[in-house]
Amino acid sequence: MDGELRDRIEAVYPWMVELRREFHQYPELSFMEERTSARVASELKKLNLKVRTGLGGHGVVGILDGGRPGRTVALRADMDALPIQDEKTCEYRSRVDGVMHACGHDAHMAALLGTARVLTEKKDEIPGRVVFLFQHAEEQIPGGASKMIEAGVLDGVDAVYGVHLWTPLPCGVIGIRDDALMAAADSFRIRVTGKGGHGGLPHEAVDAVAIASHLVVNLQTLISREVDPLKSGVISVGRIEGGGSFNVIAETCTLTGTVRTLDPKVRAFLQQRIGEVAEQTAQMFGARCKYDYGRGYPAVVNDREEAHRVAGVARQMLGNEQVWEVPPIMAGEDFAYYLQQRPGAFSLVGAGNKEKGWIYPHHHPLFDLDERAMKVSAELMIRSALACLTAERESEAAG
């Protein structure tokens, strides 16, 4: 099977590259993926799959029924781009001003379409069903995953797998973890209200900017002194807005930032304590504050059994040395919602290449990736799906 499967993937690889570059040239932002979803649906229909569109927004699903009854496995790719100006000079750079695929979603779609094409050719040998999930709006909260789940895309699904092409890992490496892989991604906003005044008469004012400065420092002590050092947490203040003139003491100042956690208890603790610290810091200086906390995606927590299944498949593909147990990443992903509903695993497929200059991080204006990673991604998804489907049949036979 190894040689035959890789030959088929190699045969469809030029088609995957063509699709990826087309998607890259015509990116669409979250919740606006009309052209993209229509293009995906068109390719799925050419494979004679059952296709559903408009799921939870612009979500698309292709359904492959195998030649024998069995379990159902779902494979997911995301479709949206980012509000970033593409600064590359390659022939396939974005043609949409201010929008680009800077996170690899274009390649995710192409790889999953390649996966669907190869599996369709073997559908009579497949015991069960494979559901191909093309999800809109991963990049923007509330995301598309929860809306697609509400639309029923996981009905009857026994396991779900996802892949993220990841340039911090070199091409030819697969990274996975049998626990929390990516963080819960939350946001907060704190508005401090003091008393404005003359810059030369500070004793007559309550300086909101000074109070906000103390608050930034105080929030960091929550991580360094109140969170177990064996747990993970991040509080980052990304923006401060206050004041309007060099000689005026600001009456208000607003801080916005993000909180990243892996443990639900730490998440709940920080949500409460940030508000308490904000209120107490403001009171200490005679000011008031208004605190808003927005919960984003939960942590991506892989099912242990399914993560081990995918890791085993990866080792068969690439060998032990090319399969890495990666540490958690404090970025967020709404694949987490699928894993809250069904057992499954999310893995990282290396897509970086220093020799070719594909070294820029995700969400960077010069982001690009080694397209050969799509072959690794397709093979991993195909093998993981088949391993899950055939394992069930083997256990039934043994019983």
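Refer to the structure printed above.
Every value quoted in this text rests on a predicted model; they were computed, and no experiment measured them. (Residues numbered from 1 in each chain as written. Predicted model: local features only at pLDDT ≥ 70, side-chain atom pairs only at ≥ 80, totals over all residues. Heavy atoms only, no water.)

Caption draft 1: Representation of the nonpolar core. Residues Val-40, Leu-75, Phe-132, Phe-134, Leu-165, Met-374 and Leu-380 are the most contacted members of the largest nonpolar core, which totals 66 residues. Among the elements that take part in this core, helix α9 (residues 373-398) stands out by supplying 10 residues, more than any other. Non-local contacts of Phe-134, meaning those with residues more than four positions away in its chain, are made with Val-40, Leu-44, Gly-59, Val-60, Ala-77, Met-79, Met-109, Leu-112, Leu-113 and Met-148. Counting residues in each nonpolar core, the second largest holds 29 residues, with Leu-133, Val-153, Val-157 and Tyr-297 among its members. (Core = buried A, V, L, I, M, F, W, Y, C linked by side-chain atoms within 4.5 Å. Buried < 20%, exposed > 50% of the residue type's maximum accessible area, 1.4 Å probe, protein only. Helix = DSSP H or I, 4+ residues; strand = E, 2+ residues; numbered from the N terminus. Contact = heavy atoms within 4.5 Å.)

Caption draft 2: How the structure looks around helix α7 (residues 304-318). Taking 1.5 Å of rise per residue, 15 residues should cover 21 Å, and α7 covers 21 Å from first to last C-alpha, within 8% of that figure. Every buried residue of α7 is listed here: Glu-306, Ala-307, Arg-309, Val-310, Ala-311, Val-313, Ala-314 and Met-317. Between the side-chain oxygen at the start of α7 and the backbone nitrogen of Glu-305 there is a gap of 3.2 Å, and the oxygen is on Asp-303. Downstream of α7 by one or two residues, Gly-319 has phi in the positive range, about 95 degrees. (Expected span 1.5 Å × (residues − 1). Polar contact = N/O pair within 3.5 Å; in protein donor to acceptor, adjacent residues only side chain to side chain.)

Caption draft 3: Seen up close, the side chain of Gln-135. Along the chain, Gln-135 falls in strand β4 (residues 127-135). A distance of 2.9 Å separates polar atoms of two side chains, one belonging to Gln-135 and the other to Tyr-338. Discounting chain neighbours no more than four positions away, the residues touching Gln-135 are Arg-76, Ala-77, Asp-78, Met-79, Gly-144, Ala-145, Met-148, Asp-334 and Tyr-338.

Caption draft 4: Region of interest: the environment of Thr-258. Mapped onto the elements, Thr-258 comes out in strand β12 (residues 252-261). Spatially, the C-alpha atom of Thr-258 lies 9.2 Å from that of Gly-294, the residues being 36 residues apart in sequence. Excluding anything up to four places from it in sequence, Thr-258 contacts Asp-186, Ser-187, Phe-188, Val-234, Ile-235 and Ser-236. From its side chain, Thr-258 meets the backbone oxygen of Asp-186 in a polar contact 2.8 Å long.

Caption draft 5: The arrangement of the pattern of salt bridges in detail. Across all of its chains, the model carries 31 salt bridges by this definition. Between Arg-39 and Glu-43 there is a salt bridge whose closest N-O contact spans 2.4 Å. Residue Arg-39 and its partner Glu-43 are located together in helix α2 (residues 34-46), separated by 4 residues, close to a single helical turn. In this structure Arg-39 comes out as partly exposed when scored by relative accessible area, which is 22%. (Salt bridge = Lys/Arg side-chain N within 4 Å of Asp/Glu carboxyl O.)

Caption draft 6: Structural detail: the environment of Glu-138. One can find Glu-138 in the loop between β4 and α4 (145-150). Considered as a pair, Glu-138 and Asp-158 are 20 residues apart in the sequence and their alpha carbons are 22 Å apart. Excluding anything up to four places from it in sequence, Glu-138 contacts Arg-76, Asp-78, Asp-80, His-105, Tyr-297, Gly-332, Glu-333 and Asp-334. Of note is the side chain of Glu-138, whose polar atom sits 3.5 Å from the side chain of His-105.

Caption draft 7: Molecular detail of the sheet that holds strand β8 (residues 184-193). In spatial order, the strands read β10-β12-β8-β13; together these 4 strands make up an open sheet with antiparallel pairing. Strands with a single pairing partner mark the edges of an open sheet, and in this sheet they are β10 (233-242) and β13 (288-294). Along the sheet, successive strands turn relative to each other by an average axial angle of 20 degrees, direction set aside. Judged from the 10 bridges that link them, β8 and β12 form a sheet pairing that is antiparallel. Paired with Ala-185 across the bridge in β12 is Arg-260. The sheet contacts of helix α5 (residues 208-226) involve β8, β10 and β12, and relative to β10 the element is tilted by about 175 degrees. In this fold helix α6 (residues 264-284) packs onto β8, β10, β12 and β13, with an angle of close to 165 degrees to the strand it touches most, β13. (Pairing = 2+ DSSP bridges. Axes fitted to C-alpha atoms, helices over the stretch in contact; angles between N-to-C directions.)

Caption draft 8: Representation of the packing of helix α1 (residues 2-25) against helix α3 (residues 105-121). Where α1 meets α3, the axes come as close as 8 Å, and the angle between the chain directions of the two elements is 145 degrees. α1 and α3 meet at a crossing whose hand is right-handed. Residues Leu-5, Arg-8, Ile-9, Val-12, Trp-15, Met-16, Leu-19, Arg-20, Phe-23 and His-24 of α1 form the contact with α3, whose participating residues are Asp-106, Ala-107, Met-109, Ala-110, Ala-111, Leu-113, Gly-114, Arg-117, Val-118 and Glu-121. (Left-handed = near helix turned anticlockwise from the far one by under 90°.)

Caption draft 9: Region of interest: unusual backbone geometry. Backbone torsion omega between Ile-141 and Pro-142 reads 10 degrees, so that peptide bond is classified as cis. Considering the arrangement of structural elements, one finds Pro-142 in the loop between β4 and α4. If you check the backbone angles, His-363 has positive phi at about 75 degrees while not being a glycine. Inspection of the secondary structure puts His-363 in the loop between β16 (344-352) and α9. With a relative accessible area of 40%, His-363 lands in the partly exposed category.

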